[in-house]
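# Fold and contact review
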Amino acid sequence: MVSFLSMAGLYVLLEAEFVAAVQVLVYAGGIMVLFLFVIMLVNLRDAAGMRFALRPAISAVVGLLATGLMLHLFMRGRPGPAAATSALRQGGNLQAIGEAMFSDYLLPFEIASLLLLVAMIGAILLARQPRN
Amino acid sequence: MPVPAAHVLVVSLLLFAIGIIGVLTRRNAIIILMSIELMMNAANLNLVAFSRQLNQIGGQVFGVFTIAIAAGEVAVGLAVVLAMYRNRDSIHVDDVRLMKG
């Protein structure tokens, strides 16, 4: 989807090149392909027609209310000007991220790896064919 | 010229709102999953924007973590959709109401 690639462009503008690269690799390369595979596998002929919730008006109103609430809260306090970039830039963005990820954020890194393993096992268990 | 954080936050807010409205109004499980991905992207954009704003690298590190978790989530979610389609030949969440009393 174009939206995911545009997000990567926004990350580049925010001086987060590594996150942008990961975004392109994971979303455009992985998640969209996964979505396309599943759309191909399930028969979308009957699902192609738009089918909305039971009460789409209520849902839309709730969604718009949530948006308005967030906009209101946002307008109450705006962030000041951005700081000059120094900590994000030491030795390049990738080196800064690597040093932070493997020193300060080592435990979340390991937990994320464990979670990916669990997700992989769960996806295989859920999606495999029944034995008979 | 750097992008002001407020503009990025507005973009993120709109993305999140589109995700919310998508989840609330559509009943197709795949489209609901896509909307959830959209909301996760919005949160991720916030993380990176504040990382830039506050000059701390932690936001970007957690952005990478969020992308990893989104990948795992979408894998499990699509597996659930596949199992649902195999069992009851439909991917509309209204048709799956076994737990409804």
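Use the structure listed above.
Residues numbered from 1 in each chain as written. Chains lettered and ligands numbered in written order. Predicted model: local features only at pLDDT ≥ 70, side-chain atom pairs only at ≥ 80, totals over all residues. Heavy atoms only, no water.

### As for the overall build of chain A
- The helix and strand tally for chain A stands at five helices and zero strands.
- If you list the helices and strands of chain A from N to C, you get α-α-α-α-α.
- Put simply, chain A has 132 residues, and 23% of those count as buried.
- In chain A, once contacts between residues fewer than 6 apart in sequence are set aside, the share between residues at least 24 apart is 40%.
- Of the roughly 8,700 Å² of accessible surface on chain A, 71% is carried by carbon and sulfur atoms. (Helix = DSSP H or I, 4+ residues; strand = E, 2+ residues; numbered from the N terminus. Buried < 20%, exposed > 50% of the residue type's maximum accessible area, 1.4 Å probe, protein only. Contact = heavy atoms within 4.5 Å. Areas by Shrake-Rupley, 256 points an atom, 1.4 Å probe, with all protein chains shown as cover.)

### Notes on a nonpolar patch on the surface
- Together, Leu114(A), Leu117(A), Val118(A), Met120(A), Ile121(A), Ile124(A) and Leu125(A) give the surface a local cluster of nonpolar side chains, amounting to about 690 Å² of exposed area.
- In this structure Val118(A) comes out as exposed when scored by relative accessible area, which is 54%. (Patch = residues over 30% accessible without salt bridge, like charges linked within 9 Å, V, L, I, M, F, W, Y side chains within 5 Å. Salt bridge = Lys/Arg side-chain N within 4 Å of Asp/Glu carboxyl O.)

### A look at the interface of chain A and chain B
- The interface is formed by 70 residues belonging to chain A together with 61 residues belonging to chain B.
- Overall, the association of chain A and chain B removes approximately 5,900 Å² of surface from exposure, summing both partners, and the carbon and sulfur fraction of that is 76%.
- Put simply, chain A and chain B have zero salt bridges between them.
- For the interface between chain A and chain B, the tally reads three residue pairs in polar contact (both at pLDDT 80 or more).
- Of all the elements in the fold, those that place two or more residues in the side of chain A that touches chain B are α1 (2-13), α2 (17-41), α3 (56-76), α4 (93-103) and α5 (106-127) of chain A.
- Its residues assigned to classes, the side of chain A that touches chain B comprises 55 nonpolar, 11 polar and four charged. (Buried area = accessible area lost by both parts, 1.4 Å probe. Polar contact = N/O pair within 3.5 Å; in protein donor to acceptor, adjacent residues only side chain to side chain. Nonpolar A, V, L, I, M, F, W, Y, C, P; charged D, E, K, R; others polar.)

### Examining helix α2 (residues 29-54) of chain B
All names here are of chain B.
- In a regular helix each residue adds 1.5 Å, so 26 residues correspond to 38 Å; α2 covers 38 Å between its end C-alpha atoms and thus fits that length.
- Capping the start of α2, Asn-28 holds a side-chain oxygen 3.2 Å from the backbone nitrogen of Ile-30, two or three residues further along.
- A positive backbone phi angle near 60 degrees is found at Asn-55, which sits one or two residues after α2. (Expected span 1.5 Å × (residues − 1).)

### Topic: the environment of Ile21(B)
- Note on placement: Ile21(B) falls in helix α1 (residues 5-25).
- You can call Ile21(B) partly exposed: its relative accessible area is 24%.
- The spacing of Ile21(B) and Ile57(B) is 36 residues in sequence and 32 Å in space, taken between C-alpha atoms.
- Leaving out residues up to four positions away in the same chain, Ile21(B) has contacts with Gly63(A), Leu64(A) and Arg26(B).

### A word on the packing of aromatic side chains
- By the definition in use, this model includes four aromatic pairs over all chains.
- Taking 5.2 Å as the distance between ring centres and 85 degrees as the angle between the ring planes, the aromatic pair formed by Tyr105(A) and Phe62(B) counts as edge-to-face. Of this pair, Tyr105(A) sits in the loop between α4 and α5 while Phe62(B) sits in helix α3 (residues 58-88), placing the two residues on different chains.
- A residue is classified by how much of its surface remains accessible, and Tyr105(A), at 21% relative accessible area, is partly exposed.
- Residue classification places Phe62(B) among the partly exposed residues on the basis of a relative accessible area of 33%.
- Note on Phe109(A) and Phe65(B): the rings are 6.5 Å apart at their centroids and 45 degrees apart in plane angle, and the pair reads as tilted. Here Phe109(A), found in helix α5, pairs with Phe65(B), found in helix α3, and the two come from separate chains.
- Taking relative accessible area as the criterion, Phe65(B) reaches 6% and is therefore assigned buried.
- Put simply, the rings of Phe102(A), Tyr105(A), Phe109(A), Phe62(B) and Phe65(B) touch in pairs and so form one group of aromatic residues. (Phe/Tyr/Trp six-rings, centres within 6.5 Å; stacked < 30°, edge-to-face > 60°.)

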